[in-house]
Amino acid sequence: MQRFAFLLWTLLFCLAFSTCIARQAPWVMRISCGARLNVHTAPTNTLWYKDFAYTGGIPANATRPSYISPPLKTLRYFPLSSGPNNCYNINRVPKGHYTVRVFFGLDGHRNFDNEPLFDISIEGTQIYSLKSGWTNHDDQVFTEALVFLTDGTASICFHSTGHGDPAILSIEILQMEDRAYYFGPAWVQGIILRTAARLSCGNGKPKFDVDYSGDHWGGDRFWSPIKTFGQGSDLARSTESGIKKASNAPNYYPEALYQTALVSTDTQPDLAYTMDVDPNRNYSIWLHFAEIDSSVTAAGKRVFDILINGDVAFEDIDIVKMSGDRYTALVLNTTVTVSGRTLTIGLHPKKGSHAIINAVEVFEILTAESKTVLEEVRALQSLKSALSLPLRFGWNGDPCVPQEHPWNGADCHFDKTSSKWFIDGLSLDNQGLRGFLPNDISRLRHLQNINLSDNSIRGVVPPSIGTIPGLVVLDLSYNSFNGSIPESLGQLTSLRRLNLNGNSLSGRVPAALGGRLLHGASFNFTDNAGLCGIPGLRTCGPHLSAGEKIGIAFGTSVAFLLMVICSMCWWKRRQNILRAQQIAERGAPYAKARTQLSHDIQMTRHYSHGNARTAAENGPSLLS
């Protein structure tokens, strides 16, 4: 028996352990903006990573505008001088559904009353605009939205509006269940839910899911406490009893959320909550109930209607009947369109004299903006680097969205067929640009207008410009371009205006461009001392093709090389001759002496031989 019990416990442990192993923890990224080291915060020992992935800005000491803000000591602010658009771009984010939350801060060295006002966008969609007075409202010191991240990145951008510098205390990216907050057929991956309100009724303390010991897949939501909807209109109720069906997939609400509630009174039997909203928007409303009032013991004891802005949204709500029991969670959801600036949620009792509610969630439904074609975004980033674009341009994020904050100098057009934005114009004239024009400009395939005049751009005109099929206007005048005009520009059949004047170009103007002048095109090549070949410019010499020019250059190089080799050979031979002459000169006296001695010996021999013959002929001589 004991052995059987041991085996049973072992089996149960293994099943529990395998279940824990099988359920993966959600992906989480928390950033303490401006921090140079990782930070852990009380009371939950939450890990915040040091600051990274930002496009600009300046770290500074932080002043927390609210006690609900994370207890962090630094922030990052973005002065307008560094550009109107700045972003955090986080890579390697797993594909999924996320809560993205941003807390705002105040620079500790600045005037506390000078609160900045700016806009926030996530993945190119503007989700929030700070309103004056936000530092005095706890529920306005942060914004959050539920978004799908599908391309491995998360882009969170801050857009200056001319009212102070954006200052960011922290960023959180918290994974949720993919079907969290599903509200019906209109719920798709292109939908963003911005949190407009999240209320814990009858509760006196603000709490996050983590403080509630909620499931991490709930996204660590923040619940604002609300003790009353109106003075004398309701009473708070609470219980310590457990709540069934609370932390269920896919939303995983914390059990403690249902242990407090507001109940209407005899003098005010209706419950009503009113909040300010943006007009002409759609809102997803989630209402939470659990029967925790001890006076209600069975189904039919409390029945009420739910009205949204005076219209009945739910009729005959009986919590005990619909949830299955007392102390059991019930969640109702509806979507409404609000034309005015207020949203009122009302509960009207029909059986029993009182209504009850435990929590309220209101989300603004946003349609995610279509993004710019990725290849063109990368081409603009390459252009930004090559032209040394000033920081004040703030080319960060997406060039075309949010539509309220497009990039300066880049003209956008929306293609309904592909549901993508593309760039059809560059207007960067007289901006003090330096650097060079990269070949990557040809990746902006939809360009119709390029105006880079009155800058200090150097280098050659890239031949790849000639592959942009719809280019109508190309103005590169008054720069420092050199080299020749690319033959490829003659392939631009749509080109109607070409200004290359005021540069240092040379060579023959391509014949195709010259011929276009006869068809009403407006081309300007003046103030280029080296150009020739069309009326108004100097006369060119014999025209040579590019291949002929290469051949001549090659032949000239070979001839020059041969001349160098011959010169070296002649010089070497001359050196050898001179060396031989020097050696000969050094040996000349000795050679002359030897020659004279040989001559004397020969003459002596000849004379002696003559004397001997005479003596023989004359006989012996007599000596006295």
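Residues numbered from 1 in each chain as written. Predicted model: local features only at pLDDT ≥ 70, side-chain atom pairs only at ≥ 80, totals over all residues. Heavy atoms only, no water.

### Thoughts on helix H3 (residues 374-386)
- Across its 13 residues, H3 extends 19 Å between first and last C-alpha, which sits within 8% of the 18 Å expected from 1.5 Å per residue.
- By the burial criterion, the buried members of H3 are Glu376, Val377, Ala379, Leu380, Ser382, Leu383 and Ala386.
- As for H3, its buried residues are in contact with strand E27 (410-415) and strand E28 (420-427). (Helix = DSSP H or I, 4+ residues; strand = E, 2+ residues; numbered from the N terminus. Expected span 1.5 Å × (residues − 1). Buried < 20%, exposed > 50% of the residue type's maximum accessible area, 1.4 Å probe, protein only. Contact = heavy atoms within 4.5 Å.)

### Things to note about empty space enclosed by the protein
- One pass over the structure, following the stated rule, counts one cavity of 30 Å³ or more.
- Along the walls of the largest cavity sit His97, Leu146, Phe148, Trp187, Val188, Ile191 and Leu193, which together make up its complete lining.
- Mapped onto the lining of the largest cavity, the elements with two or more residues apiece are strand E11 (142-149) and strand E14 (191-201).
- Among the residues making up the lining of the largest cavity, the classes are represented as six nonpolar, one polar and no charged. (1 Å grid on protein atoms, 1.4 Å probe; cavity = no way out; pocket = protein on both sides within 12 Å on 5 of 7 lines; lining within 4 Å. Points joined across faces, edges and corners; volume = space filled by probe spheres on them. Nonpolar A, V, L, I, M, F, W, Y, C, P; charged D, E, K, R; others polar.)

### Structural notes on the confidence of the model for the protein
- Scored by pLDDT, the protein has a mean of 87; 85% of the residues are at 70 or more.
- Contacts for the low-pLDDT stretch residues 1-8, under 50 throughout, to residues beyond four places or in other chains number zero contacts. (pLDDT = per-residue confidence, 0-100.)

### A word on the packing of aromatic side chains
- In this structure the tally under the stated criterion is 22 aromatic pairs.
- Residues Tyr181 and Phe363 carry aromatic rings whose centres are separated by 4.9 Å and whose planes lie at 65 degrees to one another, so their mutual orientation is edge-to-face. Of this pair, Tyr181 sits in the loop between strand E13 (167-176) and E14 while Phe363 sits in strand E26 (residues 359-367), and the two are 182 residues apart along the sequence.
- The exposure class of Phe363 is buried, given its relative accessible area of 0%.
- An angle of 55 degrees between the planes, with centres 5.0 Å apart, marks the rings of Phe208 and Phe222 as tilted. With Phe208 in strand E15 (residues 207-208) and Phe222 in strand E16 (residues 222-226), the pair connects residues that are 14 residues apart, well separated along the chain.
- Taken together, the aromatic side chains of Tyr181, Trp223, Tyr253, Trp286 and Phe363 make up a single cluster linked through ring pairs.
- In this arrangement the basic side chain of Arg76 is found over the ring face of Tyr54, its NZ or CZ atom lying 3.4 Å from the centre.
- Lying across the ring of Trp223, Arg198 places its NZ or CZ 5.4 Å from the centre. (Phe/Tyr/Trp six-rings, centres within 6.5 Å; stacked < 30°, edge-to-face > 60°. Lys NZ or Arg CZ within 6 Å of the ring centre and 35° of its normal.)

### Considering the state of the cysteines
- Summed over all chains, the structure comprises three disulfides.
- With its sulfur 2.1 Å from that of its partner, Cys400 forms a disulfide with Cys412. Between Cys400 and Cys412 the disulfide shows an S-S torsion of about -90 degrees. By sign, it is left-handed. Taken as a pair, Cys400 in the loop between H3 and E27 and Cys412 in strand E27 lie far apart in primary sequence, twelve residues in all.
- Since its relative accessible area comes to 3%, Cys400 is described here as buried.
- A disulfide bridge connects Cys532 with Cys540, and the sulfur atoms are separated by 1.8 Å. Residues Cys532 and Cys540 share a disulfide whose torsion about the S-S bond is about 110 degrees; that sign makes it right-handed.
- Residue Cys532 is classed as buried on the basis of its relative accessible area of 5%.
- Disulfide partners in the protein, listed by the sequence order of the bonded cysteines, are 1-2, 3-4, 5-6. (Disulfide = S-S within 2.5 Å.)

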